[in-house]
Amino acid sequence: KQEVTQIPAALSVPEGENLVLNCSFTDSAIYNLQWFRQDPGKGLTSLLLIQSSQREQTSGRLNASLDKSSGRSTLYIAASQPGDSATYLCAVLTSNAGGTSYGKLTFGQGTILTVHP
Amino acid sequence: DAGITQSPRYKITETGRQVTLMCHQTWSHSYMFWYRQDLGHGLRLIYYSAAADITDKGEVPDGYVVSRSKTENFPLTLESATRSQTSVYFCASRPIGAHNEQFFGPGTRLTVL
């Protein structure tokens, strides 16, 4: 059974700092890994998707890396801003029991990020 | 409007009542999903659907029923609501194939009294 762990559970940093959020997963047979952002009381917004064959993806100040063999991903946020404050979730897509292409997205518990001015 | 919409956004009901949460997507994505999000449990999959008229159970299906007569709609029904079903419910969709992003709706906050 796939398990996803995110460390740290919470992080508070001053504005302008570069930071790293960590995600680990137990089954390396993944299709892809997706990072999401969730603001309080809101839905999940997709930030980055890394295919299993890729090592990293970048979008603006965000950079996500994937080391499938070791079961790890990191989300790097450069020059953090108060508007980056949110919960960040990583999720991995693995084959479901029937081996169909539906896949199953397994989520970590999230990292609550606070960026203070 | 394009994307995924959910209705209602907030719902208060009583134990034993039937409640239907609606989900509509405009992308014609094949796959649709229902999750619930609870403190301490994170996001858990309730049901999913690969196409119209094809649905299957997720991790926590008991007490829920789904249908998918049209590609764009995926309603979730609580046949007899219980307090343990108080939660935030998210609908999601994804294009066919295992290498695509999954997109989420804004959620429905359901309270069962």
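Note that residues are indexed from 1 along each chain, following the sequence as it is written. Ligands are numbered from 1 and chains lettered from A, in the order in which they are written. Predicted model: local features are reported for residues with pLDDT of at least 70 only, side-chain atom pairs are reported and counted for 80 or more only, and whole-chain, interface and lining totals are derived from all residues. The side-chain figures draw on all heavy atoms in the structure; neither hydrogens nor water molecules are used.

1. A closer look at the overall build of chain B
In step 1: Put simply, DSSP marks the helices as runs of H or I at least four residues long and the strands as runs of E at least two long, and each gets a number from the N terminus on. When its secondary structure is counted, chain B shows zero helices and eleven strands.
In step 2: The helix and strand sequence of chain B, counted from the amino end, reads β-β-β-β-β-β-β-β-β-β-β.
In step 3: We take the radius of gyration over the C-alpha atoms and set the globule estimate at 2.2 Å times the residue count to the 0.38 power. The C-alpha atoms of chain B give a radius of gyration of 13 Å, which matches the 13 Å a tight globule of 113 residues would have.
In step 4: Judged by the C-alpha coordinates and their principal axes, chain B covers about 40 × 25 × 25 Å.
In step 5: Going through the 113 residues of chain B one by one, you find that 47% of them count as buried.
In step 6: Here a residue-residue contact requires only that any non-hydrogen atoms of the pair lie within 4.5 Å. For chain B, the share of sequence-separated contacts (at least 6 apart) that also reach a separation of at least 24 residues comes to 54%.
In step 7: Across chain B, the 11 positively charged side chains and the 10 negatively charged ones have centroids separated by 6 Å. Residue burial is assigned from relative accessible area. The probe radius is 1.4 Å, only protein chains are included, and a residue is buried under 20% of its type maximum, exposed over 50%, and partly exposed in between. Here Asp and Glu are counted as negative and Lys and Arg as positive; His is not counted, and neither are the chain ends. Throughout, a charge is located at the NZ atom of Lys, the CZ atom of Arg, the CG atom of Asp or the CD atom of Glu.

2. Some thoughts on the interface of chain B and chain A
In step 1: Between chain B and chain A, the contact holds 23 residues from the first and 22 residues from the second.
In step 2: Both sides of the chain B and chain A interface together cover about 1800 Å² of buried area, and 53% of this is carbon and sulfur.
In step 3: Salt bridge, as used here: a side-chain nitrogen of Lys or Arg that lies within 4 Å of a carboxyl oxygen of Asp or Glu. Viewed at the interface, chain A and chain B are joined by zero salt bridges.
In step 4: Two N or O atoms form a polar contact when they lie within 3.5 Å of each other; inside protein one atom must be a possible hydrogen donor and the other a possible acceptor, and for residues adjacent in sequence the pair counts only when both atoms belong to side chains. The tally of links between chain B and chain A comes to three residue pairs in polar contact (both at pLDDT 80 or more).
In step 5: Contributing elements (two or more residues each) for the side of chain B that touches chain A: β4 (31-38), β5 (42-51) and β9 (87-94) of chain B.
In step 6: Broken down by element, the residue count for the side of chain B that touches chain A peaks at four residues, all from β5(B). The term buried area refers to how much accessible surface (probe radius 1.4 Å) is lost by two components on association, counted for both of them together.

3. Examining the pairing of strand β3 (residues 19-25) of chain B
Remember that side chains alternate between the two faces of the sheet whenever the strand is regular.
Residue and element names in this part refer to chain B.
In step 1: Of the two faces of β3, the one lined by V19, L21, C23 and Q25 is fully buried and the one lined by T20, M22 and H24 carries no buried residue.
In step 2: Two strands make a pair as long as DSSP finds a minimum of two bridges between them. Relative to β3, strand β1 (residues 4-7) runs antiparallel, the two being bridged by four bridges. Within β3, the position partnered with T5 by the bridge is H24.

4. Some points on the nonpolar core
In step 1: The set of buried Ala, Val, Leu, Ile, Met, Phe, Trp, Tyr and Cys residues whose side-chain atoms join them within 4.5 Å is what this entry labels a nonpolar core. Counting 23 residues, the largest nonpolar core has A:F25, A:L33, A:W35, A:L75, A:I77, A:Y88 and A:L113 as its most contacted members.
In step 2: Apart from the residues lying within four places of it in its own chain, the contact partners of A:L75 are A:L19, A:V20, A:L21, A:W35, A:L47, A:L48, A:L62, A:N63, A:A64 and A:Y88.

5. Considerations on the confidence of the model for chain B
For residues with low pLDDT, the predicted coordinates do not support detailed interpretation.
In step 1: Confidence scores labelled pLDDT are given residue by residue by the predictor and lie between 0 and 100. Mean pLDDT for chain B: 93, with 97% of residues reaching 70 or above.
In step 2: Strand β8 (residues 76-78) of chain B holds the highest mean pLDDT among the elements of chain B, 98, whereas strand β6 (residues 54-57) of chain B holds the lowest, 91.

6. Some points on the side chain of A:T94
In step 1: Mapped onto the secondary structure, A:T94 falls in strand β9 (residues 86-94).
In step 2: Looking at A:T94, the relative accessible area reads 6%, which means it is buried.

7. Let's talk about the sheet that holds strand β7 (residues 64-66) of chain B
All names here are of chain B.
In step 1: Across the sheet, which stays open at both edges, the four strands sit in the order β1-β3-β8-β7 with antiparallel pairing between neighbours. In this open sheet, the two strands that pair with only one neighbour each are β1 and β7. When the angles between neighbouring strand axes are averaged without regard to direction, this sheet yields 20°.
In step 2: Bridge count between β7 and β8: three bridges; the pairing is antiparallel. Among the inter-strand pairings, V65 is bridged to a residue of β8, identified as T77. Every axis corresponds to a line fitted to the C-alpha atoms, with the helix fit spanning only the stretch in contact, and the corresponding angles, defined between N-to-C directions, vary from 0 to 180 degrees.

8. Brief notes about the state of the cysteines
In step 1: Sulfur atoms of two cysteines make up a disulfide when they are within 2.5 Å. Counted according to the given criterion, the structure contains two disulfides over all chains.
In step 2: The disulfide that involves A:C23 links it to A:C90, with 1.8 Å between the sulfurs. Disulfide A:C23 to A:C90: torsion about the S-S bond roughly 55°, handedness right-handed. Here the residue A:C23 occupies a position in strand β3 (residues 19-25), and A:C90 occupies one in strand β9, the gap between them amounting to 67 residues.
In step 3: The disulfide bridge from B:C23 ends at B:C91, spanning 1.8 Å between sulfur atoms. Linking B:C23 and B:C91, the disulfide has an S-S dihedral of approximately -75° and is accordingly described as left-handed. In this pair, B:C23 is assigned in strand β3 and B:C91 in strand β9, connecting sequence segments 68 residues apart. In this pair, the class of B:C23 matches that of B:C91, namely buried.

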